Amino acid sequence: MKILKPFLLSVCLGASMGSFSTAALAECEDGRTCFEPDVAIDNVVAKIMETRHAIDNGVDREQIILLIREAISLNKEINANDLVDRHRQKAAKYLKLARKEVKNAALQPADAHLLEAEKRFKALHDLI
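Residues numbered from 1 in each chain as written. Predicted model: local features only at pLDDT ≥ 70, side-chain atom pairs only at ≥ 80, totals over all residues. Heavy atoms only, no water.

**Q** What should I look at first to understand the overall build of the chain in this one?
**A** For the chain, the helix and strand inventory stands at six helices and zero strands. Starting at the N terminus and walking to the C terminus, you meet the elements of the chain as α-α-α-α-α-α. Expressed as a percentage of its 128 residues, the buried residues of the chain come to 28%. Contacts in the chain between residues far apart in sequence, at least 24 positions, make up 71% of those at least 6 positions apart. Here the chain displays about 8500 Å² of accessible surface, and carbon together with sulfur accounts for 56% of that area. (Helix = DSSP H or I, 4+ residues; strand = E, 2+ residues; numbered from the N terminus. Buried < 20%, exposed > 50% of the residue type's maximum accessible area, 1.4 Å probe, protein only. Contact = heavy atoms within 4.5 Å. Areas by Shrake-Rupley, 256 points an atom, 1.4 Å probe, with all protein chains shown as cover.)

**Q** What's the story with the nonpolar core in this structure? I'm lost.
**A** Grouped together as the largest cluster of nonpolar side chains are 25 residues, with contacts concentrated most on I48, I68, I78, L95, L114 and F121. Among the elements of the structure, α3 (37-56), α4 (61-75), α5 (82-103) and α6 (107-123) are those that each provide at least two residues to this core. With seven residues, α3 is the largest single contributor of residues to this core. Among residues more than four places away in sequence, those in contact with L114 are I48, T51, R52, I55, I68, L95 and A98. (Core = buried A, V, L, I, M, F, W, Y, C linked by side-chain atoms within 4.5 Å.)

**Q** Mind showing me how you'd approach the pattern of salt bridges here?
**A** Side chains that differ in sign of charge can pair as their charged atoms come close. Enumeration according to the criterion identifies seven salt bridges in this entry. R52 serves as the salt-bridge partner of E118, at 3.0 Å between the closest nitrogen and oxygen. With E118 in helix α6 and R52 in helix α3, this pair connects stretches of sequence that are 66 residues apart. The closest approach of N and O atoms between R88 and D85, which form a salt bridge, is 3.0 Å. Of this pair, R88 and D85 both sit in helix α5, three residues apart, which is roughly one turn of that helix. Through salt bridges that share partners, R52, D111, E118 and K122 make up one connected network. (Salt bridge = Lys/Arg side-chain N within 4 Å of Asp/Glu carboxyl O.)

**Q** What exactly am I supposed to notice about the environment of N43 here?
**A** Looking at the secondary structure, you find N43 in helix α3. Each C-alpha atom of the pair N43 and N75 lies 8.3 Å from the other, and the pair is 32 residues apart in sequence.

**Q** It is not clear to me how α4 should be interpreted in this structure. Could you clarify?
**A** Each α-helix turn comprises 3.6 residues. Residues three or four places apart therefore point the same way. The first and last C-alpha atoms of α4 sit 21 Å apart over 15 residues, in line with the 21 Å expected at 1.5 Å per residue. When we look at burial in α4, the residues that qualify are I64, I65, L67, I68, A71, I72 and N75. Buried residues of α4 fall within an arc of 160° about the axis and therefore sit on the same side. Considering only its buried residues, α4 is in contact with α3, α5 and α6. (Expected span 1.5 Å × (residues − 1). Arc of directions from axis to C-beta.)

**Q** What exactly am I supposed to notice about the side chain of D111 here?
**A** Here D111 shows up in helix α6. The contact partners of D111, leaving out residues within four places of it in the chain, are R52, I55 and D56.

**Q** I'm lost on unusual backbone geometry in this one. Help?
**A** If a residue is not glycine, its phi is most likely negative; likewise, a peptide bond is most likely trans. Residues other than glycine seldom take positive phi values, yet A105 does so here, at roughly 65°. Along the chain, A105 turns up in the loop between α5 and α6.

Quick look at the structure:
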């Protein structure tokens, strides 16, 4: 009995470790939804376009700020390589400038910053 319990325990542990793929478990380490770089870029561009559309339609400033925050959080999902990450950070700067302008109630400069951010995020497709 002393030999049988450890043997069965080791067999069960070995079988359970072999039945799960570690690559499948390591894909998204902190519970976030992971995207391919192209899909993540498209999601950010779509959110920026939605924000620009909201500015054109006269939506409340708080809603616009919320949309910009969502775009900023989505842009952090773009993980391709160091070059793409450097350009992503430069493009994200325009999102932060747009958020600052919206807080100051200057919607036209914010729209210009969003347009520049949209162009820069679209240009990331060429770097992948």
